[in-house]
Amino acid sequence: MNTLAPLEKNSPASQFFILMGLFLVCLVVFSVLAIIAAMPFAHISGINDIGKLSNYGDPDVVMGLKMAQVVSAVGSFIVPAFLFSVLASRSKLEYLGLKIPPNFGAMLLVGIIMLAAMPFINWMADLNSRLVLPASLSGLEHWMKDSEAKAGALVQAFLNDKSIHGLFLNLFVIAFLAAVSEEIFFRGVLQKILIAWTKSTHSGIWIAAIVFSAFHFEFYGFVPRMMMGVFLGYIYVWSKSIWIPMFAHFVNNGMDVLLTFLEQRNKVPKNIDQLGTATNDWWQVVASVLLIGVGTFVFYKWMKKKEKPESIPLT
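These lines cover the structure that appears in this document, whether it is placed above or below. This is a predicted model, so every value here is computed, not measured.

The next point concerns the pattern of salt bridges. A complete count under the given rule lists three salt bridges for this structure. Of the charged contacts, one joins Glu 183 and Arg 187 as a salt bridge, the two residues approaching to 2.7 Å between their closest N and O atoms. With Glu 183 and Arg 187 both in helix 7 (residues 164-198), this residue pair falls four residues apart, about one helical turn.

Here is the structure:
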């Protein structure tokens, strides 16, 4: 006789709040552990020296912050997702979408779509960056810009390492680990709960994408990140395998890391990662949108075809 998991019969609303509770607890605990993990790399001997972690010009500090990022990503997203899956399902891997093996053809297709989407993403980011709030909200606007600047400074500090070792470490921290941890949490668990709660696949995907973008606290990149979350949400629903949105997420982040590295080494033209933002780049944006549309339609039809049971020949 199979025993139900503790939360298997709970309402989606209660599951949502339990997930958020797990997330907050893990966030606090692993934020402390992340600082502890950074200390030996940054040569910090005690709590009074924690302020040194803001010195992004020190390579040792940057290495310490990368280690902190690893601990934070695993602890804040992967740990609560797995804990919740244990409580909500008798099959953790199936619940998280990890049981269905990756389809390499589908992964290749979504990777191509993500590459083709670069001009469109850049165009949306450029429009989003021009956001101006009313004068009455100047305080909020200042806080948003300050948060954006701090986040950008940290990422830039990570990317300033021009060594091959630095490239692979950045691909692991910024691309691979971010893709794995965020997709397991936002698409593997949160989106599933929201779809059940709203009783609508579309609503669940869009709300999860909004939350996904908001969690980054980078408001001037909110719209393109939200739209990427929507795309990742749909390809997860259609494929039922979390490996596919993970790979798409990795390609998106990894391309930024790789292009920055190649620009620093003068191997590619400067600002190649800004395709679609110049006035005369409109054709790139249009082409990007068309390729996204065609690629997504092909992916959808492919996944739907795989769902159909094979016909049984008459005898």
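Resuming the write-up.
What follows covers the packing of aromatic side chains. For the coordinates displayed, the defined rule picks out 17 aromatic pairs. On the numbers, 6.2 Å between centres and 50 degrees between planes, the contact of Phe 84 with Tyr 95 is tilted. Pair noted here: Phe 84 is in helix 2 (residues 59-88) and Tyr 95 is in helix 3 (residues 92-95), with a separation of eleven residues, a long-range link. Here Phe 84 matches Tyr 95 in class, with each residue buried. With 5.7 Å between their ring centres and 25 degrees between their planes, Phe 172 and Phe 176 make a pair best called stacked. Placement of the pair is Phe 172 and Phe 176 together in helix 7, with a separation of four residues, close to one helical turn. For Phe 172, a relative accessible area of 34% puts it in the partly exposed group. Taking NZ or CZ as reference, Lys 192 lies 4.7 Å from the ring centre of Tyr 95, over its face.

Glancing now at the side chain of His 249. Structurally, His 249 is set in helix 10 (residues 243-264). At 2.7 Å, the side chain of His 249 forms a polar contact with the side chain of Glu 183.

Next up on the list: the side chain of Ser 181. In this structure, Ser 181 sits in helix 7. Residue classification places Ser 181 among the buried residues on the basis of a relative accessible area of 1%. A distance of 2.8 Å separates a polar atom in the side chain of Ser 181 from the backbone oxygen of Leu 177. Of the polar contacts made by the side chain of Ser 181, one reaches the backbone oxygen of Ala 178; its length is 3.4 Å. Those residues in contact with Ser 181 that lie beyond four places of it in its chain are Ala 73, Phe 77 and Ile 78.

Another aspect to go through is helix 11 (residues 282-307). Between its first and last C-alpha atoms helix 11 spans 38 Å; for 26 residues at 1.5 Å apiece the expected length is 38 Å, and the two agree. Every buried residue of helix 11 is accounted for by Gln 284, Val 285, Ser 288, Ile 292, Gly 295, Thr 296, Phe 299 and Met 303. Where helix 11 is buried, its residues meet helix 4 (104-116), helix 5 (118-129), helix 9 (222-239) and helix 10.

The next thing to look at is helix 5. Here helix 5 contains twelve residues, and its C-alpha end-to-end distance of 16 Å stays within 8% of the 16 Å for a straight helix at 1.5 Å per residue. Those residues of helix 5 that fall on the buried side of the exposure criterion are Met 118, Pro 119, Ile 121, Asn 122, Met 124, Asp 126 and Asn 128. If you follow the buried residues of helix 5, they end up packed against helix 4, helix 9, helix 10 and helix 11.

What counts, and where the lines are drawn
- Residues numbered from 1 in each chain as written.
- Predicted model: local features only at pLDDT ≥ 70, side-chain atom pairs only at ≥ 80, totals over all residues.
- Heavy atoms only, no water.
- Salt bridge = Lys/Arg side-chain N within 4 Å of Asp/Glu carboxyl O.
- Helix = DSSP H or I, 4+ residues; strand = E, 2+ residues; numbered from the N terminus.
- Phe/Tyr/Trp six-rings, centres within 6.5 Å; stacked < 30°, edge-to-face > 60°.
- Buried < 20%, exposed > 50% of the residue type's maximum accessible area, 1.4 Å probe, protein only.
- Lys NZ or Arg CZ within 6 Å of the ring centre and 35° of its normal.
- Polar contact = N/O pair within 3.5 Å; in protein donor to acceptor, adjacent residues only side chain to side chain.
- Contact = heavy atoms within 4.5 Å.
- Expected span 1.5 Å × (residues − 1).

What is shown is where atoms sit, not what they do.
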